[in-house]
Amino acid sequence: MPIANSVLDLIGNTPIVRARNLDTGPCTIYLKLESQNPGGSIKDRIGLKMIEAAEARGDLKPGATIVEGTAGNTGLGLALVARQKGYKLVLVVPDKMSREKIFNLKAMGAQVVLTRSDVAKGHPDYYQDLAERIASETPGAYFINQFGNPDNPAAHEHGTGPEILAQMAEAGGVDAIVFGCGSSGTMTGLSRCFAEQSPGTELILADPVGSILTEYINEGTLSDKSASWMVEGIGEDFLPTISDFTRVKKAYAISDRESFLTARELLEKEGVLGGSSTGTLLAAALKYCREQTTPKNVLVLVPDTGNKYLSKMYNDYWMADNGFLERERHGDLRDLIG
Ligand code: PMP
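The present account deals with the structure reproduced in this document. These numbers were taken from a predicted model, which means no experiment stands behind them.

### Things to note about the overall build of the chain
Each helix and strand in the chain was counted, giving eleven helices and ten strands. Its C-alpha atoms give the chain a radius of gyration of 20 Å, near enough to 20 Å, the size a compact globule of 338 residues would have. Each principal axis of the C-alpha distribution contributes one length, and for the chain these read about 55 × 55 × 50 Å. Across the 338 residues of the chain, 45% fall into the buried class. Partitioning the intrachain contacts of the chain with sequence separation of at least 6 by distance along the chain shows that 70% fall at a separation of at least 24.

### Description of the pairing of strand β3 (residues 65-69)
Burial analysis of β3 places four of its five residues in the buried class, which makes it a mostly covered element. In this structure, β3 lies alongside strand β4 (residues 88-94), joined through five bridges in parallel fashion. Following the sheet pairing, isoleucine 66 is matched in β4 by leucine 89. Handedness of the crossover is the feature at issue here: the chain leaves β3, passes through helix α2 (residues 73-85), returns alongside β4, and the resulting connection is right-handed.

### Concerning the site of the ligand
Within the structure, the ligand sits among 19 residues, and Gly182, Ser183, Thr186, Gly233 and Pro303 are positioned closest to it. By residue number, the principal contributor to the shell around the ligand is helix α6 (residues 185-197), which donates three residues. Classifying every residue of the shell around the ligand gives four nonpolar, twelve polar and three charged.

### Focus on helix α8 (residues 256-270)
Taking 1.5 Å of rise per residue, 15 residues should cover 21 Å, and α8 covers 21 Å from first to last C-alpha, within 8% of that figure. Glycine 271 sits one or two residues past α8 and shows a positive phi near 75°.

### Some remarks on the sheet that holds strand β6 (residues 142-143)
The parallel open sheet is built from four strands, whose spatial order is β5-β4-β3-β6. Taken across any chain shown, the strands that pair with only one partner, and hence form the sheet edges, are β5 (111-115) and β6. Seen against the sheet, helix α4 (residues 127-137) touches β3, β4, β5 and β6 and runs at an angle of roughly 165° to β3.

### Thoughts on the sheet that holds strand β1 (residues 16-18)
Taken together, six strands build an open sheet; the order of strands is β1-β2-β10-β7-β8-β9 and the sheet is mixed. The open sheet terminates on both sides in strands that have one partner only, identified here as β1 and β9 (248-254). Ignoring strand direction, the axes of neighbouring strands in this sheet form an average angle of 25°. Pairing geometry for strand β7 (residues 176-179) and strand β10 (residues 297-302), over three bridges, is parallel.

### As for the environment of glycine 69
Mapped onto the elements, glycine 69 comes out in strand β3. Note: C-alpha distance between glycine 69 and lysine 312 (243 residues apart in sequence) is 24 Å. Once residues lying within four places of it in the same chain are set aside, the contact partners of glycine 69 are Val92, Tyr127, Gln128, Leu130 and Ala131.

### Structural notes on the packing of α8 against helix α9 (residues 276-291)
In contact at an axis separation of 7 Å, α8 and α9 are set at 90° when each is read in the N-to-C sense. As far as their axial angle goes, α9 and α8 are roughly perpendicular. Where α8 abuts α9, its residues Glu258, Ser259, Phe260, Thr262, Ala263 and Leu266 lie against Ser276, Thr278, Gly279, Thr280, Leu282 and Ala283. Partitioned by chemical class, the residues of the contact of α8 with α9 number five nonpolar, six polar and one charged.

### Some words on α4
Those residues of α4 lying buried are Tyr127, Gln128, Leu130, Ala131 and Ala135. In a view along the axis of α4, the buried residues occupy a sector of 160°, so they form one face of it. Of the exposed residues in α4, those oriented more than 90 degrees away from the buried face are Ser136 and Glu137. On its buried face, α4 is in contact with β3, β4, β5 and β6.

### A word on the nonpolar core
With 51 residues, the main nonpolar core has Val178, Leu205, Ala284, Ala285, Val298 and Val300 as its most contacted residues. Counting residues per element, this core draws most heavily on α9, at eight residues. Discounting chain neighbours no more than four positions away, the residues touching leucine 205 are Phe179, Cys181, Met187, Leu213, Ile217, Val248 and Ala251.

Criteria and cut-off values
- Residues numbered from 1 in each chain as written.
- Predicted model: local features only at pLDDT ≥ 70, side-chain atom pairs only at ≥ 80, totals over all residues.
- Helix = DSSP H or I, 4+ residues; strand = E, 2+ residues; numbered from the N terminus.
- Rg over C-alpha atoms; globule rule 2.2 N^0.38 Å.
- Buried ≥ 20, exposed ≤ 12 C-beta atoms within 10 Å, placed from the backbone.
- Contact = placed C-beta atoms within 7 Å.
- Pairing = 2+ DSSP bridges.
- Right-handed = clockwise from strand over helix to strand, strands pointing away.
- Near = placed C-beta within 6 Å.
- Nonpolar A, V, L, I, M, F, W, Y, C, P; charged D, E, K, R; others polar.
- Expected span 1.5 Å × (residues − 1).
- Axes fitted to C-alpha atoms, helices over the stretch in contact; angles between N-to-C directions.
- Parallel < 35°, antiparallel > 145°, perpendicular 65-115°, else oblique.
- Arc of directions from axis to C-beta.
- Core = buried A, V, L, I, M, F, W, Y, C linked by C-beta atoms within 7 Å.

Below you can see the structure in the form of structure tokens.
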């Protein structure tokens, strides 16, 4: 690997590792470690693309302010790129978000505006509506709007997708790819790339129980009722403007419990520390693999690193408190008093 000139040059070109110890039926699972991007997630790619495309169009002038509503990986990706390129970044964050996430964003140089978590879309304090308003009231500001920004799927159509196909040529190609859907940029972009360059690849969606997408994909009905889930970054209660589900073949609904236990199994068996959505994606991939009767190459994204989840799904006490693990009867004193 050549010496990079900037941390931004280290975004993308993430490694793929073959799973050796998981029970994958007749199939082989390949894990693409988006967790190895410098900001720790697949969202570095869209942070770079959405900013550079806005620069190229002249929508973003030197030293301007970038605004977005997010507490998640997109915020970290934008913070990484904005600071390197000398932009100010304002992130509107719902106040239920963990302190760690807010401190992380501040450390990366973002200005964090906290807003109410108890209001829905359309309310002036809703984090996305407030971000849009701040952008419109700040001279020269650029509102990123990842849920409606075509540069988000474009990052995956022209970056992630071709990269996967080039890497997987060595294994004889990709028969199926498993992803989750948050802003839907990954799914929409990969779908467009594969339609052009590998139309035989099956697109499989991994979705948290409670999200509306599994029913939408498998039965074609769009519910207006969603329930809550704990896995972070994926699942929907509405269809994002940029989403294109036309080529998605099948969806699997995965519970929080199965997601967390599968992420822990991945760490134990393969040494890969993924985030909570990684557990959902891998659980769906394992279900898909075990249903197959012929060998297939199945690519699974590892969208972010598990570092952010050490006090949650990687913590036995948190898992037991939430009913996801049996509490050990012997051993640590805290089991007796906890
Ligand atoms: N996993 C994690 C951890 C994420 O933060 C996201 C983005 N919200 C996704 C998966 C889904 O990516 P996308 O927004 O491209 O649908």
